[in-house]
Structure formats: C-alpha cells, structure tokens
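These are the residues of each chain, in order.
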Amino acid sequence: MTEHFAVRGGARLSGTVDVVGAKNSVLKLMAAALLAEGTTTITNCPEILDVPLMADVLRSLGCTVEVAGDRVTIDVPAEPGAQADYRSVSRLRASVCVLGPLVARCRKAVVPLPGGDAIGSRPLDMHANGLRKLGATTEIEHGRVVAQADDLHGAQIWLDFPSVGATENILMAAVLAQGTTVIDNAAREPEIVDLCVMLQQMGAELEGVGSSTLTVHGVPELRPTTHRVIGDRIVGATWAFAAVMTRGEVTVRGVDPHHLDLVLDKLRSAGAETRTGTDGFSVSMSGRPRAVDFVTLPYPGFATDLQPMAIALSAVADGTSMITENVFEARFRFVDEMIRLGADARTDGHHAVVRGVERLSSAPVWASDIRAGAGLVLAGLCADGVTEVWDVDHIDRGYPRFVENLASLGADIRRVSVDPDR
C-alpha cells in the first residue's frame, strides 16, 4: 500500500498542540549511549520512523534496544561491534553520528556512507579531518567510512563551517581522548547543547557549552544515564507558520520559545501577534500576512529546516519575498512543487523570489524530504480544493502524529492508503 495526505484548504487553525522531543537531538543522544557500558534511558522521544531506524543501527553494533512509546532504553555491551549494518545506515543520514562514539570506545569504526533526505551535498570531510586531528586514520573503502586509532589525544580543531554533524562526531570522540580538545567554530544549535548536557551527566568534562568554542577535557570512561530530550523547535515552528498562513491562533507547548526567537520575530514582521511562556508560545494572525525576507544560516540564524515553511508563507503573503539558502543547495527543489500549487516563484542559485498570491490551487505534489513535505501540507491548507501530498513517509520521519495534530487544530486532512496494483 502507498499513502498520501489529502488536504482540503480553507480551514483556520485554532487550538493547542503539544511538541515532544527533537528529532535532530534524539538520534544523536541514542548514538552517545555507545560511549558507556550499561543501560542508558532516553525519555520524551518522538514517535517517528527515524527512532526505530536508529535502534536498528545500534542493534547491529551489539546493543539491546527497546523502544516503548516516548522512552528508549539502550543496553550497551562492554565491547560493542565496530561495523554498522549497511541496510540500517543507508536509510538514515543521522546514523553517521555513531562514527565518533565507535572510534572513542572501540578505537575503530566502519560506517557505510549514509542515506537520508535528498537536500544536497553533505560531505563528511570535516568529520574525517577532526578525527584525524585526534589521532585516527580515516578513509573511504567500498562505500564505507573506515576510521581507526591506537590512541586518541586532545587537539586544537577549527571547523571551516559550523557543521552540526561534524561538531557532534568530534565532540563524542574527544570526550574519551587523552588530554584537552578545543573545537573552534563549533555548531551552537540547541540540539548540540542537549547532547553536551547528556554527556556531562555521563561524566564528560566540557566548557563553553552553547558557544562557538567547545573545550573538552578527556576522561577515561563514562557512565550510563537517563536523559530527557529537549522539545523540537522545528516542529514547534512549523505549527507557528501554519497558524500565520491560515490566519489562525495556535498555542504550542513543550518547546523553549527562546530557541525560536528569530522565527517569532520574523512572524511578527509578517503581522502576527506572539506571546511566550516558560514552556511554549502562542501565535495569532487576523489578516493576510505581509511579505518577509528570509536568510538561512547556522543557529542562531534562521534554520534551513524551516526554509520550506518560509517559502510556503511567502507564497500566500502580500508582497514579494526573497529567500536565501546558505546551507543546503538542493533544498530549492521544493519550489517546483510549490509552483504546481500555483505559487509565483523562481529560483536563481542560492536565492528564491516569491510573489505572494491570494490563494493557491490544489494539485498532486511530492515530498522530497521531511521539511518539504510539511511545507507542502501547509501550502495545501491555503489552496482551493483537495491537495494530495505523496511520499509522506518523509513526513513521518520527522513529525509524530502529524495528521492527528493538524486535525485537532481544525485542519481538514486525512491519510489515504492506495493499493498500487488496483
């Protein structure tokens, strides 16, 4: 059976929605469990497809993993395997984050080049260069990253770009290295901070958490822990964009609103009213949104994961917006699907120019990645007729209870299963 979402436009979203743990955090926290023998428990996990996929990666390394609702329990053996299973890794880009922990624990790692979303080139050069600075050798053999080291030692490491994945892998290798490692131009995303907090609970010695300079004092071993995942700021922001686009009023609970300071500021510039609390925020919109320009940058800049939502908003805004993509070059393939929905948009290199229209028109469209799929659904909420969004397995990888949450806010959306042989 194949599935698609059928979205009937015209509804005004209203109500309260709860956000659970961050997809971009939980998978890295699961990998970090490899750093300590024993049982680590991670709570507030999102019930998304990527979590059992990462569980399969860890099982291929000899771990016992139990996924039960929003709780993941990982029992790590004294000697985990060093070679990740290709079938598991190929379906999940984030699985490359086992590289650092395996080099740290096993002094060897064999990780197939990962799969995941089709949003552009994401080379592993910075990961490999950082591990080499720590004393490991790395090379690509038969489609696999092979890294090994007799001993890991502290080093001064400068990242050419504040890559989240490279920061995570280098950090997780450095916590068990001898001596002190300094990672300059490190990524600062809240999910990096969440990983650092868990590592500190495990006994890691870190300085500069949340800044662009991370100092890691290596320790001989870590211990297992229990850790609660931070709320998903990307999911929370998606509901905020949906509220503005449908001229609705939505309260989002379970996410730190300070992680979305820039997003909420942009939505206020579009004409929305926002209110923040200790564990969430509210967004309300009474008229047509105004056009706003967006530029994607590493945190604390505007997240590339929200670029499709920015384009969807611009497509129905009053005026012309320019969206500049500085992180993933292939993200603009989403624009072609927006044009199928009647958006007035064109792209030129890293830029997209979108002239807002009063209303989009329904059409069948295809999701190329998690966020593009969510953006197309949001656009469908603002289109006449019924929009069919296909390849929804992408959306299921990043948004727990996506259809149910939207329906609870008043959206006319349903999941449709189709037998391809009929």
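Predicted model, so just to flag it, every value in this text is computed and none were measured.

Concerning the pattern of salt bridges
Scanning all chains against the criterion turns up 14 salt bridges. D412 serves as the salt-bridge partner of R8, at 3.6 Å between the closest nitrogen and oxygen. In this pair, R8 is assigned in strand β1 (residues 2–8) and D412 in strand β25 (residues 412–418), connecting sequence segments 404 residues apart. Its relative accessible area of 39% is what places D412 among the partly exposed residues. Connected through salt bridges with shared partners, the residues E3, D396 and R415 form a single ionic network.

As for the packing of aromatic side chains
When we look at a pair of aromatic rings, we describe it by the centre distance and by the angle of the planes. Counted by the stated rule, this structure contains seven aromatic pairs. Centroid distance F241 to F294: 6.2 Å. Interplanar angle 45°. Geometry classified as tilted. Highlighted residues: F241 in helix α8 (residues 233–245) and F294 in strand β17 (residues 294–295), separated in sequence by 53 residues. Of the two residues, F241 and F294, both sit in the buried class. Ring geometry for F241 against F302: centres 6.4 Å apart, planes inclined by 75°, an arrangement best described as edge-to-face. Residue F241 is located in helix α8, and its partner F302 is located in the loop between β17 and α10 (307–316); the two are separated by 61 residues in the primary sequence. Members of the aromatic cluster, each reached through a chain of ring pairs, are F5, W239, Y399 and F402. Stacked on the ring of F294, the Lys or Arg K266 has its end atom at 5.6 Å from the ring centre.

Cut-offs and rules
- Residues numbered from 1 in each chain as written.
- Predicted model: local features only at pLDDT ≥ 70, side-chain atom pairs only at ≥ 80, totals over all residues.
- Heavy atoms only, no water.
- Salt bridge = Lys/Arg side-chain N within 4 Å of Asp/Glu carboxyl O.
- Helix = DSSP H or I, 4+ residues; strand = E, 2+ residues; numbered from the N terminus.
- Buried < 20%, exposed > 50% of the residue type's maximum accessible area, 1.4 Å probe, protein only.
- Phe/Tyr/Trp six-rings, centres within 6.5 Å; stacked < 30°, edge-to-face > 60°.
- Lys NZ or Arg CZ within 6 Å of the ring centre and 35° of its normal.

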